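Structural overview
As a plain string of letters, each chain reads:
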Amino acid sequence: MAQDGTSGVVTLSPEQGERVRGVAAGLGGLSTDDLEINRPELFEARRTGEIGLIHSWELVTAVDGPGTRMTIFLSGCPLRCKFCHNPDTMEMKEGTLERIDDVVRRVLRYKQVFRASGGGLTLSGGEPLFQIAFTRRLLKAVHDAGVHTTVDTSGFLGARLTDEDLDNIDLFLLDVKSGDPETYEHVTARQLQPTIDFGDRLHAKGKAVWIRFVLVPGLTDSEENIQNVADIVARWEGTVERVEVLPFHNMGADKWDKIGLDYELKDVAPPSAEAVEHAREIFRSRGLTVF
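Read on for a plain summary of the structure. Bear in mind the structure is a predicted one, so any value in this text is a computation, not a measurement.

Tallied over the entire structure, the rule returns four aromatic pairs. Ring geometry for Tyr110 against Phe114: centres 6.3 Å apart, planes inclined by 40°, an arrangement best described as tilted. Since its relative accessible area comes to 27%, Tyr110 is described here as partly exposed. Residue Phe114 is classed as buried on the basis of its relative accessible area, which comes to 3%. Geometrically, the ring pair formed by Trp256 and Tyr263 is tilted, given 5.2 Å between the ring centres and 35° between the ring planes. Neither Trp256 nor Tyr263 differs from the other in exposure class; each is buried. Here the guanidinium or amino end of Arg106 rests over the ring plane of Trp57, the centre of that ring lying 3.8 Å away. Note that Arg242 overlies the ring of Phe291, its terminal NZ or CZ placed 3.9 Å from the centroid.

See the structure below:
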């Protein structure tokens, strides 16, 4: 395990990342002997979220929420989406272990930028709710400091968020990957219902939501599937501020190759402009604002 010269940051080797899997995620089950790493922060991370495994950071405008945003990509995800463009975040094998206080300070350096642009912090991944303890602490600290907060999530782990956690999140980017349970399981290797349950909960709480749906030829683009997604989203009318229909791209193919995973969609072309617009019209027919 090597330090990169930045206070509070530790770079994991792939082997150490595999051993620490579950500790930073709060899933438990590993002992000191299993880890062969003596940094006590790793054990505290499991219980308190003192340390998180961060894959990467970006400071961008008009992406992942309103205004200029600091987007933090956390490692770890329970889904195995066939069209994932960040497959290197699926397992906790890559990234840096960082202390919560250091991350909060780094985010708050941009507070004036956020205020001027209407931006803030977005947690993405991977799945930010995978490392729930770290995510919870980061959102509260930043939100208490007056920064707008957004979580980009599939909703599969939404039950991990308490009502107090919801109060610390201003906007949810909710990825609805399919409207058909069988298609959803084929696409993600997980179940659709937790996403619907989480969307229902956000709607009941009056939380602001942006929906994201990726149109993948031959995978999610059937008429029935799109209609089903639109029907699900329409039940959240009043809290869904916008729907983003995102055309599939295979720019992440090299990442799949790099980590030795078979990328099943390498020969799939992006959907046509007409197909994307047709999908958008289906959502618009439900009275939704669509981009």
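Before going further, it helps to spend a moment on the nonpolar core. If you look at the biggest cluster of nonpolar residues, it comprises 73 residues, and the most contacted ones within it are Ile72, Leu138 and Phe283. Ignoring anything within four residues of it in the chain, the contact list for Leu138 reads Ile72, Ile100, Val103, Val104, Leu121 and Leu123.

Turning next to the packing of helix 4 (residues 100-108) against helix 6 (residues 132-144). Close contact between helix 4 and helix 6 brings their axes to 10 Å; oriented N to C, the two are set at 40°. Judged by the inter-axis angle, helix 4 sits oblique to helix 6. You can see that helix 4 and helix 6 cross each other, and the crossing is right-handed. In this structure, helix 4 uses Ile100, Val103, Val104 and Val107 to contact helix 6, whose residues at the interface are Phe134, Arg137, Leu138, Ala141 and Val142. Per-class residue counts for the contact of helix 4 with helix 6 are eight nonpolar, no polar and one charged.

Cut-offs used in this document
- Residues numbered from 1 in each chain as written.
- Predicted model: local features only at pLDDT ≥ 70, side-chain atom pairs only at ≥ 80, totals over all residues.
- Heavy atoms only, no water.
- Phe/Tyr/Trp six-rings, centres within 6.5 Å; stacked < 30°, edge-to-face > 60°.
- Buried < 20%, exposed > 50% of the residue type's maximum accessible area, 1.4 Å probe, protein only.
- Lys NZ or Arg CZ within 6 Å of the ring centre and 35° of its normal.
- Core = buried A, V, L, I, M, F, W, Y, C linked by side-chain atoms within 4.5 Å.
- Contact = heavy atoms within 4.5 Å.
- Axes fitted to C-alpha atoms, helices over the stretch in contact; angles between N-to-C directions.
- Helix = DSSP H or I, 4+ residues; strand = E, 2+ residues; numbered from the N terminus.
- Parallel < 35°, antiparallel > 145°, perpendicular 65-115°, else oblique.
- Left-handed = near helix turned anticlockwise from the far one by under 90°.
- Nonpolar A, V, L, I, M, F, W, Y, C, P; charged D, E, K, R; others polar.

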